[in-house]
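So the chains spell out like this:
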Amino acid sequence: MVEDRTVSGRVFAAVNYTLLAIIALVTVLPFLHVVAGSFTTSAEMAVKKFILFPTVWSFDAYKFIFSTNTIFRAMGVSVGITAFGTLFSMLLTALMAYGLSRRDLDGRRGIMFLVVFTMLFSGGLIPTFLVVRELGMIDSYLALIVPASISAFNLIIMRNFFQNIPEGLEESAKIDGCSDFGILFRIVLPLSMPAIATLSLFYAVTYWNTYLSAILYLNDSLKWPIQVLLRQIVVLASGMDYSSDLDSTVPPPDQTIKMAVIVVATLPILLVYPFLQKHFAKGAMLGSIKG
Amino acid sequence: MMSRTTIVSIMLRPSSSLVTQGQPQPLPRKGRTSMQHAAATEIKQGAAKPRSSSELKRRLWRNKWLYVMILPGILYFIAFKYVPMFGLTIAFQDYKPHWGFAGSEWVGLKHFERLFTEPDFMKILTNTLLLFGMNLLFYFPIPILLALMLNEVRITFFKRFFQTLVYLPHFMSWVIIVSIGFVMLTMDGGIINEMLAYLGFEKINFLLSTEWFRPTYIIQVIWREAGWGTIIYLAAIASVDPQLYEAARMDGAGRLRQVWHITLPAIRSVIIILLILKIGDVLELGFEHVYLLLNSMNRDVAEIIDTYVYTAALQQGQFSYSTAIGFFKSFIGLVLVVLANKLAKRMGEEGVY
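Residues numbered from 1 in each chain as written. Chains lettered and ligands numbered in written order. Predicted model: local features only at pLDDT ≥ 70, side-chain atom pairs only at ≥ 80, totals over all residues. Heavy atoms only, no water.

For chain A, the name recorded in an unreviewed UniProt entry is ABC transporter permease, with Paenibacillus agaridevorans as its organism. Regarding chain A, the relevant UniProt record gives this comment under Sequence similarities (unreviewed entry): "Belongs to the binding-protein-dependent transport system permease family." According to its UniProt record, chain A has this under Subcellular location (unreviewed entry): "Cell membrane". (UniProt positions renumbered as here; feature names shortened; annotations may be inferred.)

Draft legend 1. Examining the UniProt feature "transmembrane region" (unreviewed entry) in chain A more closely. Residues and elements named next belong to chain A. In the numbering adopted here, UniProt assigns the feature "transmembrane region" (unreviewed entry) to residues 12–35, 47–65, 71–98, 110–129, 141–162, 183–208 and 257–276. Segment residues 12–35 splits into 100% helix and 0% strand. End C-alpha atoms: 35 Å apart. Within residues 141–162, the helical portion is 68% and the strand portion 0%, while the C-alpha atoms at the span's ends are 31 Å from each other. (Helix = DSSP H or I, 4+ residues; strand = E, 2+ residues; numbered from the N terminus.)

Draft legend 2. Structural context of the domain arrangement of chain B. Residues and elements named next belong to chain B. When its domains are assigned, chain B resolves into domain 1 (2–92) and domain 2 (110–346). Contact residues are listed per partner, giving five residues for domain 1 and seven residues for domain 2. When the buried surface of domain 1 facing domain 2 is broken down by residue, Leu-88, Ile-90 and Ala-91 rank first, second and third, together holding 82% of it. At the surface where domain 1 touches domain 2, the tally comes to zero salt bridges. One can count one residue pair in polar contact (both at pLDDT 80 or more) joining domain 1 with domain 2. (Domains from an automatic or database assignment. Contact = heavy atoms within 4.5 Å. Buried area = accessible area lost by both parts, 1.4 Å probe. Salt bridge = Lys/Arg side-chain N within 4 Å of Asp/Glu carboxyl O. Polar contact = N/O pair within 3.5 Å; in protein donor to acceptor, adjacent residues only side chain to side chain.)

Draft legend 3. Just the layout of surface pockets, in detail. In this structure, the second largest pocket occupies an estimated 760 Å³ of space. Considering the residues around the second largest pocket, the lining is formed by 28 residues, among which A:Val26, A:Pro30, B:Met184, B:Ile219 and B:Trp223 are closest to the centre. Listing elements by their share of the lining of the second largest pocket, those giving two or more residues are helix 1 (7–38) of chain A together with helix 9 (141–151), helix 11 (174–185), helix 12 (191–198) and helix 13 (213–238) of chain B. Here the lining of the second largest pocket takes eight residues from helix 13 of chain B, the largest share from any one element. Of the residues that constitute the lining of the second largest pocket, the class distribution is 22 nonpolar, six polar and no charged. (1 Å grid on protein atoms, 1.4 Å probe; cavity = no way out; pocket = protein on both sides within 12 Å on 5 of 7 lines; lining within 4 Å. Points joined across faces, edges and corners; volume = space filled by probe spheres on them. Nonpolar A, V, L, I, M, F, W, Y, C, P; charged D, E, K, R; others polar.)

Right, here's the structure in full:
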């Protein structure tokens, strides 16, 4: 489309661009503030409050939080859960989505209905908790992965993506003697890279961000993933909540230290985000619109 | 239901298929490929049902590996979605963990009666509905507005850059969002309070106050989700025929008129679908978010159904009572979706199902 050259058109464009720029800025400012704050000294923090770029650089906060292995352990737990969880989820999702994408599968409408229904109605927190407990998963990392292994939403996106792959390809592979598993792994999946990238990102982010399952199912604080630890350091240890239970002689963690922990917990997402960003916008659109 | 039993029967059959895997599959009868076959049955519409049970059996057998593929997923949905749904029946019991489901006493509607007579419950329901209302009123229109604004951007680089920045918070956990909010809003050294002090205002204890809980909540919701929420609208807008704009310009329509008469009507059905889904989520306000913002000082306004269920069950051991509350919530959500969907269909829209 061509740019509107009338006066009103130009005013409109100018206002529009300015507003969007402000919105984008407001969205990222809190992150910048936290990153900047984590790289400066507490003294500097106390003097210059509105920091967006550190004038005095310091790694004290990071030295402090990495002085014990607590953060390393929690990061390790989160990385492990994210890696195994994403792999497991993608495998289950791709298998089920492919089966359901095949028009010659009897009963697929019924199964799809059962899947969609879980998006509208659920047993809720407590019955799910009891099932997980009955399965003996309390205090096991399995509790963070298995009960959340398929997202109905992701499954539907994946199925829709598979359905848009020309059936002729699968047919000719079949005539050439390819089994159903062979078709999925050698033909369909290699053609579905945008969807795979997108959904892997969705799953990975969900696993990385796991908080509720961790506080529900893990009693052992040595098994905590980074999100639970972050919460503990930022809010609870500062004496804000349940203040009576806390020892008031221990000073609350310094602002810069809290900021450093936030940055560490955010970093893995920030690292993969730029590489996958192009894919996911495309992938999410492909699946969602043609539902 | 039939599908499940057939899967079981397939699993129970002694299978020689490991041998046949990788070898040429026998062609369907009459030399048709199964694609043609599927196309043919689709044309016949009513004839989609198998003419004889032997044909159905043959088709099931031919697709046995597909059933093997979907089996783990089906087991997942049964174990973690449908078993908990049946687990809702403990709302009608006095569930005691050590007696289990079978051993616990049935008490009928006792917990539901308690629910409606408990003064606390009305407060929690009000809190929940207020947050829901704020979501609809303040959050829901923003992604639509943003998508419309973004659609008017002609500089591709600007558009990409903007999207990259505003999608980002969606990928942060609630713990991170609330933590960032915490370090910014805290009384000791938070940037917002320092700014207020610098400008000569009094510091505000945002985190512990009852008045500031709801604004904090909704601002964080908007911050995290508004950008990401545009994706689906942008996709819908992208499918609008450019000729429509061309024609409108010929007729002398300005930018805003084009938005009003072309873009908005084009994404109307998407807006309605998302609205229905949002209404179904009535009571799904994000347990984590509210739970993380909740503390002993703002409990009066911040306690919602989800957080109450969690506290009542896991800290006070009232499994049955809190399941009854959760049941009530899920049920209301389902009823509202059905109603909203009916309404949308009556208005000539597609609806979600």
